[in-house]
Amino acid sequence: MPKTVAILGGGPAGSHTAERLARAGVRTILLDEKLAWEKPCGGGLTYKAYEKYPYIVNNHTPKREIHDAYLSAPRAGRVALSMPRPMMIYARTDLNQLLLDRAEAAGVSIEQTRVLGAERTSSGWRIRTAKGHLEADYCVLATGARNPLRHLGTEYVAADTMYALGYFVPGNRDAVDIQFLEGLEGYIWVFPRCGHLSVGICGKGEPASALRVRLESYMREHGLMQEGAKFYGHMLPALESAGWRKNRVAGEGWLAVGDAGGLVDPITGEGLYYALRSSDLASQTILAAAPESRASHYRQALSADFMDDLAFGASLARRVFLRRFPVVGGAPDAMVRLIRRSQKFQHLMQDLFAGTQPYLDLKKRLTRNLSGGLQEVLLNLFLNRMMPETE
Ligand SMILES: Cc1cc2nc3c(=O)[nH]c(=O)nc-3n(C[C@H](O)[C@H](O)[C@H](O)COP(=O)(O)OP(=O)(O)OC[C@H]3O[C@@H](n4cnc5c(N)ncnc54)[C@H](O)[C@@H]3O)c2cc1C
């Protein structure tokens, strides 16, 4: 295993990788220009995340535990959905600090500085920072979706990204709200946090200004446009099928974790779980694989664990948000109607919200749900037909 690993970026992916490596005895240096900060984000963590990483729940850091959601679609209206496996919602400053503290306790050297460049040397890397430079044997790229080091990590084209923007609004609520919109490959969310709400919109193929207009109109309608609301915006990786196929997650002497590797659910925008999970797979690879096979080992580990499922999700995203059928409307309308009618479908949606229902298995599950009254069967059949075949 390498003697010294430089981790570029100290968000969830960087700090979690650093912690894992330091615990295994590797000299680990983490560099971040901001350290704990309010990165634009909903801050929502699914059951899948805290089941695997119980420390997300078992700590004294402020967070909300949300048991209820409302889903709204343009034609079908609003429906309640309970979440027996609740969602944990953090302010990102708090979540980042929790993860950085764990890394520091594990022995990671943490330095607040901007990384300016990373060049290969005969024995490893020379990392240039705003404060000087350092040498490392191996390099982990964790600089997020706006990775400034173009020769490392995912090479984004516009189609592989979406905008996500919103407001932190003073207020309190006990349920998550998800609003699907006509003609948008994306959605609006309202996530309750401690002392405020994260209200945002993500969408593909529309400029940020148009998304902002949609969001502000929703906020005005729902009494959320308030004095003191703070605007935020950021890029969200949303790889197309082709983007997944050529995704550059590792190369000689480096690998990318979290958003820097494009590892975000292209339908829901969930990235926190994948930041943590890719960090586990990255650290296992660095510790166990021979130097010359690290890149292929990591790629295979990602594919087997979640990347193939997310790549299949990419082939589904546009159908879910945009395909329209006479009478039924779109898939979100069918979903809302089915939640009202079918307990089996409610369970399916609860599993999707918990993060335990893989996309690759969705068609099979919908087929098993083909029962009940005529309308229920027809709606299920519509969703089932919409699904692409798995290879
Ligand atoms: C608006 C929005 C809402 C979202 N909501 C959710 C949600 O509710 N749930 C969910 O699971 N996911 C959500 N996501 C996705 C989630 O925010 C990301 O997937 C997650 O932050 C990825 O973690 P990361 O560590 O890879 O990257 P980041 O959290 O972006 O961390 C990257 C770090 O690198 C540092 N950095 C970058 N460049 C440099 C440099 N040159 N030098 C030094 N440091 C540098 C930054 O300061 C930053 O701390 C959302 C994303 C957006 C944009």
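Fair warning: this is a prediction, and the values are worked out from it, not measured in the lab.

Conventions we followed
Residues numbered from 1 in each chain as written. Predicted model: local features only at pLDDT ≥ 70, side-chain atom pairs only at ≥ 80, totals over all residues. Heavy atoms only, no water. Helix = DSSP H or I, 4+ residues; strand = E, 2+ residues; numbered from the N terminus. Rg over C-alpha atoms; globule rule 2.2 N^0.38 Å. Buried < 20%, exposed > 50% of the residue type's maximum accessible area, 1.4 Å probe, protein only. Areas by Shrake-Rupley, 256 points an atom, 1.4 Å probe, with all protein chains shown as cover. Lys, Arg positive; Asp, Glu negative; His and termini not counted. Charge placed at Lys NZ, Arg CZ, Asp CG, Glu CD. Expected span 1.5 Å × (residues − 1). Contact = heavy atoms within 4.5 Å. Arc of directions from axis to C-beta. Near = heavy atom within 4 Å. Polar contact = N/O pair within 3.5 Å; in protein donor to acceptor, adjacent residues only side chain to side chain. Domains from an automatic or database assignment. Pairing = 2+ DSSP bridges. Axes fitted to C-alpha atoms, helices over the stretch in contact; angles between N-to-C directions. Salt bridge = Lys/Arg side-chain N within 4 Å of Asp/Glu carboxyl O. Nonpolar A, V, L, I, M, F, W, Y, C, P; charged D, E, K, R; others polar. Core = buried A, V, L, I, M, F, W, Y, C linked by side-chain atoms within 4.5 Å.

A. Quick peek at the overall build of the chain. Each helix and strand counted, the chain has 11 helices and 19 strands in total. A compact globule built from 391 residues should have a C-alpha radius of gyration of about 21 Å, and the chain, at 21 Å, falls within 12% of that. In terms of principal-axis extent, the alpha carbons of the chain reach across some 70 × 50 × 40 Å. Out of the 391 residues in the chain, the part that is buried amounts to 59%. Counting every atom, the chain has about 16200 Å² of accessible surface; 51% of that belongs to carbon and sulfur. When the 48 positive and 40 negative side-chain charges of the chain are each reduced to one mean point, those points stand 2 Å apart.

B. Inspection of helix H3 (residues 92-105) at higher detail. Over its 14 residues, H3 runs 20 Å from end to end, which matches the ideal 20 Å to within 8%, given 1.5 Å per residue. Taken residue by residue, H3 has Arg 92, Leu 95, Asn 96, Leu 98, Leu 99, Leu 100 and Ala 103 as its buried positions. On its buried face, H3 is in contact with helix H1 (12-23), strand E2 (27-32), strand E3 (44-45), strand E6 (109-112) and helix H6 (272-288). One or two residues past the end of H3 sits Gly 107, with phi positive at roughly 110 degrees.

C. Structural view of helix H4 (residues 208-221). The terminal C-alpha atoms of H4 lie 20 Å apart, and with 14 residues this matches the ideal 20 Å at 1.5 Å per residue to within 8%. Taken as a whole, H4 has its buried residues at Leu 211, Leu 215, Glu 216, Tyr 218 and Met 219. Viewed end-on, H4 has its buried residues packed into an arc of 160 degrees, placing them on one side of the element. In H4, the exposed positions that point more than 90 degrees away from the buried face belong to Ser 209, Val 213, Arg 220 and Glu 221. Looking at the packing, one finds that the buried side of H4 touches strand E11 (161-170), strand E12 (175-180), strand E13 (185-192) and strand E14 (196-204). Taken from the residues just after H4, Gly 223 is the one with a positive phi, measuring 65 degrees.

D. Local environment of the site of the ligand. Within the structure, the ligand sits among 37 residues, and Asp 32, Gly 42, Arg 92, Val 115 and Asp 259 are positioned closest to it. Asp 32 places a side-chain nitrogen or oxygen 2.6 Å from an oxygen atom of the ligand. Contact between the ligand and Gly 42: a nitrogen atom at 2.8 Å from a main-chain N or O atom of the residue. Protein chains bury 96% of the 1000 Å² of accessible surface belonging to the ligand in isolation. Counting residues per element, the ones that place at least two in the shell around the ligand are H1, E13, strand E15 (230-237) and H6. Each of domain 1 (4-43 + 91-154 + 240-312) and domain 2 (158-235) gives at least three residues to the shell around the ligand.

E. Main features of the sheet that holds strand E1 (residues 4-8). Taken together, the 6 strands give an open sheet; going across it, the order is E6-E2-E1-E10-E17-E16, and neighbouring strands pair in mixed fashion. Across the chains shown, the open sheet's two edge strands, defined by having one partner strand only, are E6 and strand E16 (250-251). Looking at chain direction, E2 and E6 are connected through 4 bridges and run parallel. Its bridge partner being in E6, Leu 30 is matched across the sheet by Ile 110. The sheet contacts of H1 involve E1, E2 and strand E10 (138-141), and relative to E2 the element is tilted by about 165 degrees.

F. View of the domain arrangement of the chain. When cut into domains, the chain gives domain 1 (4-43 + 91-154 + 240-312), domain 2 (158-235) and domain 3 (323-386). Look at where the C-alpha atoms of domain 1 and domain 2 centre, and you get two points 28 Å apart. Contacts between the two partners involve 16 residues from domain 1, matched on the other side by 14 residues from domain 2. A salt bridge links Lys 204 to Glu 240; its shortest N-O distance comes to 2.8 Å. Taken together, domain 1 and domain 2 are joined by 8 residue pairs in polar contact (both at pLDDT 80 or more). Across the side of domain 1 that touches domain 2, the residue classes tally to 6 nonpolar, 4 polar and 6 charged.

G. Examining the nonpolar core more closely. Grouped together as the largest cluster of nonpolar side chains are 50 residues, with contacts concentrated most on Ile 56, Leu 255, Leu 263 and Tyr 298. Going through the elements one at a time, E1, H1, helix H2 (47-52), H3, E10, H6 and helix H7 (294-322) are the ones with two or more residues in this core. Looking at which element gives the most residues to this core, the answer is H6, with 8 residues. When near neighbours in sequence (up to four residues on either side) are disregarded, Ile 56 contacts Leu 45, Ala 49, Tyr 50, Lys 63, Tyr 90 and Leu 276.

H. Local environment of the sheet that holds strand E9 (residues 132-136). Read from one edge to the other, the open sheet built from 3 strands follows the order E7-E8-E9, with strand pairing classed as antiparallel. Edge strands, defined here as strands with exactly one partner in the open sheet, are strand E7 (115-120) and E9. Pairs of neighbouring strands in the sheet enclose a mean axial angle of 20 degrees, with direction left out of account. Where strand E8 (residues 125-129) meets E9, 5 bridges bridge the pair, whose relative direction is antiparallel.

I. Representation of the side chain of Thr 113. Here Thr 113 is to be found in the loop between E6 and E7. Taking relative accessible area as the criterion, Thr 113 reaches 5% and is therefore assigned buried. Beyond its immediate sequence surroundings of up to four residues, Thr 113 is in contact with Leu 31, Asp 32, Glu 33, Thr 129, Ala 130 and Lys 131.

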